[in-house]
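Structure assessment
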Amino acid sequence: MKRLVILGAGTAGTMMANHLDHELNPSEWEIVIIDERKEHYYQPGYLFLPFDIYTPEDIIKPIQKFIPKKVQLLNEKIEKINAKENEVWLSKGESLHYDVLIIATGAKIAPGEIQGMQGEEWYRTVFDFYTFEGALALRDKLRVWEGGKLVVHITEMPIKCPVAPLEFAFLADSFFRHKKMRDKVEITYVTPLDGAFTKPRATAALNHLLEEKNIAIESDFAIAEVDNENKKIIDYGGREIPFDLLVTVPTNKGDELMERSGLGDELNYVPTNKSTLQSMAFPDIFVLGDASNIPASKAGSVAHFQAEVLTKNILSYIKGEPMKEEFDGHANCFVETGNGKALLIDFNYTHEPVEGSFPFSGFGPLSLLKESRMNHIGKLAFKWVYWNVLLKGIPIPFVPAKMQEAGKHF
Amino acid sequence: MEKAICNTTIEVNEEGFMINFSEWNKEIGEELAREAMIELSERHWEIIEYIQDEHRKEVPLSIRKIGKSGVVDIKEFYALFPKAPLKTATKIAGVPKPASCI
Ligand SMILES: Cc1cc2nc3c(=O)[nH]c(=O)nc-3n(C[C@H](O)[C@H](O)[C@H](O)COP(=O)(O)OP(=O)(O)OC[C@H]3O[C@@H](n4cnc5c(N)ncnc54)[C@H](O)[C@@H]3O)c2cc1C
């Protein structure tokens with residue numbers, strides 16, 4: 001009996017467990033998946049929780065519910081990967097042999113990287129919304145906040161779902177409008193990039209939206225410090241931005257397990273072949289989702305496309321055949337723009353986000369790079385799709401892993 | 001697009017980043033620095049050389065990585081190439097704008 005071990009039962013690990021459960025012969029392969037948590041968190045929901053649009057119940061469900069019966073789920077912290085011996089060490093001291101290993105341990109925030117970020121104002125006037133705790137604490141704050149300077153801030157790239165902080169700023173604008181207190185709130189969007197987004201074409205569209213919503217942008221800001229006493233953030237060049245409420249996205253890093261195992265780069269991401277998703281260091285290790293260092297967006301939609309490619313590659317690898325499938329960097333993200341609207345962007349390693357219609361060329365019903373109510377409905381529907389389709393590894397109808405070019409204006 | 005510089009022409013993108021690193025030489029670097037209003041010192045050159053080495057090794061660049069390189073700390077990097085140091089330094093070094101931002 002051979003054993004395939006999946007590390008992490010988040011978005012990517014759960015999808016792989018479901019795919020491989022269908023594909024691997026149970027008389028030859030045993031599948032084990034390990035996660036330290038008992039609950040699966042729907043992270044895209046963290047964007048909506050602070051504004052009372054979603055409740056905690058929308059966001060948290062038991063992991064077990066999404067893992068196939070034949071797959072063994074271990075609820076333990078992973079201590080170390082001993083790749084030379086094909087072993088995974090768990091925190092209680094046991095170790096587990098693997099024939100094939102899939103790393104899907106994701107990325108998490110590391111506020112400790114910036115001086116003062118986790119200081120005395122943390123969860124008083126300084127919040128993150130990239131954790132459940134942070135989003136919930138921020139919800140409670142926003143319910144009573146009386147206004148002032150709201151600063152929405154990104155520490156450094158790469159981050160999960162790079163549009164989420166922008167969406168936060170857009171949603172904040174519409175939240176305060178509804179509360180009839182927009183005139184009491186000054187919103188500033190602070191980014192280390194030189195514009196609203198990482199891709200020039202989408203940046204132009206998004207910069208325009210910021211202006212329209214009266215959100216100021218401060219670009220090229222590389223934060224050195226959060227000054228808790230004077231409530232301002234300071235960058236390495238000495239630039240200072242004052243805040244009454246700071247909503248920051250701290251540095252994102254892979255799990256420390258990678259550092260302990262000598263498998264990560266300086267941000268604990270695992271060096272990975274960007275088309276086959278095989279680890280650069282060990283042929284029997286594969287990496288998908290936020291845990292890898294490939295130059296694709298860290299997003300659930302990306303993990304979904306990767307899972308389809310990786311399943312085929314693992315089957316080839318096991319048979320000793322060449323891995324033919326290539327991941328093209330395909331990402332597909334709804335960008336919530338407030339007031340019940342959203343836009344949709346679709347891009348890959350080589351193509352920038354484009355205009356057009358999606359998923360049916362010339363028809364839609366979703367429009368790329370343009371605000372529409374239909375896109376917003378798409379974004380909210382994503383929650384249902386996530387829990388009921390994505391995690392189970394069912395392909396999304398009409399949206400293949402490889403990006404389609406018809407109907408798009410390159 | 002083409003850009004005339006130091007009695008020759010180089011290929012640049014719309015932001016002024018060189019497209020072919022092989023077209024770069026020290027003279028061009030000096031001229032690009034002048035355009036960015038930077039007078040290059042010994043220290044500047046050490047950093048530019050480090051950036052070019054990393055580029056040759058195909059290692060993606062980020063401010064964090066440069067800060068941890070042992071060549072320069074982030075504070076000094078900002079002092080040498082003010083405002084957007086990574087962008088300015090890579091432009092002068094003739095390497096593509098870092099895509100540490102996806
Ligand atoms: C605010 C926000 C908004 C987002 N919005 C969107 C969106 O609109 N669309 C979209 O597509 N994506 C979105 N994303 C991104 C998406 O949630 C992630 O890309 C996706 O969850 C990545 O899946 P993953 O499996 O790689 O990591 P995760 O889902 O984070 O799973 C990693 C798992 O590994 C476990 N683990 C890690 N280390 C250990 C260890 N040492 N021992 C045991 N277990 C361990 C963790 O407990 C976790 O369950 C958003 C993310 C955030 C934070």
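Just so we're clear, the structure is a prediction, and the values are computed from it rather than from any experiment.

1. Details of the site of the ligand
Residue and element names in this part refer to chain A. Lining the immediate surroundings of the ligand are 30 residues, of which T11, A12, D35, I78 and D290 lie closest. I78 is positioned such that a nitrogen or oxygen atom in its backbone is 2.9 Å from a nitrogen atom of the ligand. At 3.1 Å from a nitrogen atom of the ligand is found a side-chain nitrogen or oxygen belonging to D255. For the ligand, whose free accessible area comes to 1000 Å², the fraction covered by protein is 96%. Of the residues in the shell around the ligand, the class split is 11 nonpolar, 9 polar and 10 charged. In terms of domain composition, the shell around the ligand takes at least three residues from each of domain 1 (2–108 + 254–319) and domain 2 (109–252).

2. Re the pairing of strand β1 (residues 2–5) of chain B
All names here are of chain B. Alternating residues of β1 divide into K3 and I5, all buried, and E2 and A4, none buried. Sheet topology note: the β1/strand β2 (residues 8–11) ladder contains 4 bridges and is antiparallel. Note that in β2 the partner of A4 across the bridge is T9. Count of turn residues in the β1/β2 antiparallel hairpin: 2 residues, of which C6 carries a positive phi of about 45 degrees.

3. Notes on empty space enclosed by the protein
Residue and element names in this part refer to chain A. Summed over all chains, the structure comprises 2 cavities of 30 Å³ or more. In this model, the largest cavity occupies a volume close to 50 Å³. The wall of the largest cavity is formed by G289, D290, S292, I294, A296, S297, K298, A299, V302 and Q306. Looking at side-chain class alone, the lining of the largest cavity contains 4 nonpolar, 4 polar and 2 charged residues.

4. As for the sheet that holds strand β2 (residues 29–35) of chain A
Residue and element names in this part refer to chain A. Strand order in the open sheet made by the 5 strands is β5-β2-β1-β9-β20, with parallel pairing throughout. Of all the strands in the sheet, just β5 (72–75) and β20 (285–287) have a single pairing partner and so form its edges. Direction aside, neighbouring strands of the sheet carry axes that sit 20 degrees apart on average. Here β2 runs beside β5; their pairing, made up of 4 bridges, is parallel. Bridging across to β5, I34 finds its partner in L74. The strands touched by helix α1 (residues 11–23) are β1 (2–7), β2 and β9 (100–103); relative to β2, the strand with the most contacts, the crossing angle is about 165 degrees. Contacting β1, β2, β9 and β20, helix α7 (residues 300–319) crosses the sheet at an angle of about 160 degrees to β9.

5. Comments concerning the packing of α1(A) against α7(A)
Residues and elements named next belong to chain A. Axis separation between α1 and α7 bottoms out at 9 Å; the angle between their running directions is 35 degrees. The way α1 lies across α7 gives a crossing that is right-handed. On the side of α1, the interface is formed by T11, A12, M15, M16, H19, L20 and E23, while α7 contributes G300, A303, H304, A307, E308, L310, T311, I314 and L315. Split by residue class, the contact of α1 with α7 holds 9 nonpolar, 5 polar and 2 charged.

6. Some remarks on the sheet that holds strand β7 (residues 87–90) of chain A
Residue and element names in this part refer to chain A. The sheet built from 3 strands is open, its strands ordered β6-β7-β8 with antiparallel pairing. Pairing within the sheet leaves two strands with one partner each, and these edge strands are β6 (78–82) and β8 (95–97). Within this sheet the neighbouring strands show an average axis-to-axis angle of 20 degrees, counted without direction.

7. With respect to the domain arrangement of chain A
Residues and elements named next belong to chain A. Parsing chain A into structural domains produces domain 1 (2–108 + 254–319), domain 2 (109–252) and domain 3 (331–390). Put simply, the middle of domain 1 and the middle of domain 2, counted by C-alpha atoms, are 30 Å apart. Of the residues lining the interface, 19 residues belong to domain 1; the matching set on domain 2 comes to 25 residues. Both faces combined, the contact of domain 1 with domain 2 buries some 1900 Å², and carbon together with sulfur accounts for 70% of it. Taken as a group, L47, P50 and F51 account for 32% of the area that domain 1 buries against domain 2, more than any other trio of residues on that side.

Quick notes on the rules
Residues numbered from 1 in each chain as written. Chains lettered and ligands numbered in written order. Predicted model: local features only at pLDDT ≥ 70, side-chain atom pairs only at ≥ 80, totals over all residues. Heavy atoms only, no water. Near = heavy atom within 4 Å. Polar contact = N/O pair within 3.5 Å; in protein donor to acceptor, adjacent residues only side chain to side chain. Areas by Shrake-Rupley, 256 points an atom, 1.4 Å probe, with all protein chains shown as cover. Nonpolar A, V, L, I, M, F, W, Y, C, P; charged D, E, K, R; others polar. Domains from an automatic or database assignment. Buried < 20%, exposed > 50% of the residue type's maximum accessible area, 1.4 Å probe, protein only. Helix = DSSP H or I, 4+ residues; strand = E, 2+ residues; numbered from the N terminus. Pairing = 2+ DSSP bridges. 1 Å grid on protein atoms, 1.4 Å probe; cavity = no way out; pocket = protein on both sides within 12 Å on 5 of 7 lines; lining within 4 Å. Points joined across faces, edges and corners; volume = space filled by probe spheres on them. Axes fitted to C-alpha atoms, helices over the stretch in contact; angles between N-to-C directions. Contact = heavy atoms within 4.5 Å. Left-handed = near helix turned anticlockwise from the far one by under 90°. Buried area = accessible area lost by both parts, 1.4 Å probe.

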